[in-house]
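These are the residues of each chain, in order.
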Amino acid sequence: MLVLKFGGTSVGSVKNMTNVKNIISEGGRKIVVLSAMSGTTNALVEISNTIKDGKPEAALQQVEALHAKYIEVVNELLTNEEYVAETLQYVERVFNELKQITAQPHSTLLYNIIVSKGELLSTFMFSRFLQQDGIKASLVSAFDFMRTDRNSEPDAFYIKQNLNRILDANNDTQIFVTQGFICLDADGKTSNLERGGSDYTASIIGAAVEAEEVQIWTDIDGFHNNDPRYVHNTDAISHLSFDEAAELAYFGAKILHPQTVMPVRDLQIPVRIKNTMEPQAFGTLIDDKAEGEGIKAIAAIDGITAIKIKSARMLQAHGFLKKVFEIFEKYHTSIDMITTSEIAVSLTIDDNTFLNDIIAELEEFSKVSVDTHRTIVCLVGNNIVYHPDTHKLFQILQDVNIRMISYGGSNNNISLLINTSDKVETLQKLHRYIFEMSLV
Ligand code: ADP
Ligand code: ASP
Ligand code: MG
């Protein structure tokens, strides 16, 4: 069994949906996970924000504008009258619900219900589009199997039991179409796997059905060696190990949701990234093999807070670090980078929910300074800590202010902490020093 996930651009127009149909109509039985059409989740978030701002009439107008767009898509995508009528009716139902919601008070649950509609719409339309062509396709609701537990982690046992029961009950089906991103929480309420979560849905499903491979079909020809939104001349990487991909995704490579690799890594199910608009391109294969030499890729993540904790005597004072770490543990706040000296420890967090409480407790025994709006730049490759070319990256020290460096924590990762305002320059210069200067 293959699991194929198609992102927002891949289902963002009738032309691209036709590409998707061509890609999936060959080969054996498969599960197809779809995102919302590109722009839809952002539009739904916007509607939710307008409701939150106390402007129900403006929210209603936004709902109506989106509704009009979907009526157009249905009429362009489907030709069979029966399917057109059925799908327009479904679309009408979804938008009537959204219209009623605009009059309700804002809450997290309301937000979750609103943003779930994008994937519900795209999968309904696309499953009818396949059926119209005589393809044996079934629409499976993610709400019938995708669920998180009390820790907001996927409930692997529940998902496996329920998904496999659905697959077994539909022996005739060739293509199962389901929604990415959306799920139920432990109380059975509408929830989601956070923005970009359809990739994660695909790998959770891949693990549940022990798929041969999970394919992430997107709008670019694979995992690139730097962020193409900020750097020209980036190249697709043909192979990454699970660890390399996990590290890059965690540190900001938008192409994969940060958790995507986790469910499939232990089962050694490969993940392949492919371009829907260019299916013949090789893409990127992610599996358990570590290969290649030197720095392979660079990624960056914003929204980082650096905390410097200073004590008169640190290393000679036993238990100082333990006291520091216990405070972060108490507030369930994980630490990403850490450096120490004799008198101070600097560390970074990406979740400021409990920042004030953490600072207050640290100040009971140390002097604390906090810098927000920092960015971690992460460089990844096989054994890069030992590679003879790795020194090239340190040319960056002459260009930008580096606040922290983490080198040697693992052999495969080097992280730099910089000001977010220096991010683009840092990514571009590192690209030149590491990937382009070696070519001349
Ligand atoms: P989808 O809607 O298919 O999930 P996303 O927009 O979430 O697509 O992810 C693909 C985008 O990720 C690319 O178009 C690109 O702009 C961005 N991106 C960021 N870093 C990378 C990278 N290292 N390699 C490839 N794409 C990246
Ligand atoms: N539609 C959701 C989003 O835009 C999930 C996804 O596309 O992966 O975040
Ligand atoms: Mg995505």
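Structural data are supplied above this passage.
Not measured: the values here are computed from a predicted model.

**Q** Would you mind going over the nonpolar core in detail, with residue names and values included?
**A** Within the largest apolar cluster, 99 residues are counted, with the highest numbers of intra-cluster contacts made by Val3, Phe6, Met17, Ile24, Phe95 and Phe126. Here this core gets 10 residues from one element, more than from any other, and that element is helix H5 (residues 108-132). Every residue in contact with Phe6, bar those within four places of it in the chain, is listed here: Val11, Val20, Ile23, Ile24, Val32, Val33, Leu34, Ser35, Trp217 and Thr276. Core analysis: the next-biggest nonpolar cluster, separate from the first, contains 19 residues, Val231, Ile295, Leu427 and Tyr433 among them.

**Q** I'd like to hear about the sheet that holds strand E13 (residues 344-349), residue by residue, with values.
**A** Judged by pairing direction, the sheet is antiparallel, and its 6 strands sit side by side in the order E12-E13-E11-E14-E16-E15 without closing on themselves. For this open sheet the edge positions go to strand E12 (335-340) and strand E15 (404-410), each flanked by a neighbour on one side alone. Taken over all neighbouring pairs, the strand axes of this sheet differ in orientation by 30 degrees on average, direction set aside. With 13 bridges joining them, strand E11 (residues 294-310) and strand E14 (residues 367-382) adopt antiparallel strand pairing. Of the residues in E14, the one forming a bridge with Ala306 is Asp371. On the sheet, helix H8 (residues 242-250) packs against E11, E12, E14 and strand E16 (413-419) and is oriented at approximately 145 degrees with respect to E14. Along the sheet face, helix H10 (residues 320-330) touches E11, E12 and E13 and points at about 20 degrees away from the line of E13.

Each value, and the rule that gives it
- Residues numbered from 1 in each chain as written.
- Chains lettered and ligands numbered in written order.
- Predicted model: local features only at pLDDT ≥ 70, side-chain atom pairs only at ≥ 80, totals over all residues.
- Heavy atoms only, no water.
- Core = buried A, V, L, I, M, F, W, Y, C linked by side-chain atoms within 4.5 Å.
- Buried < 20%, exposed > 50% of the residue type's maximum accessible area, 1.4 Å probe, protein only.
- Helix = DSSP H or I, 4+ residues; strand = E, 2+ residues; numbered from the N terminus.
- Contact = heavy atoms within 4.5 Å.
- Pairing = 2+ DSSP bridges.
- Axes fitted to C-alpha atoms, helices over the stretch in contact; angles between N-to-C directions.

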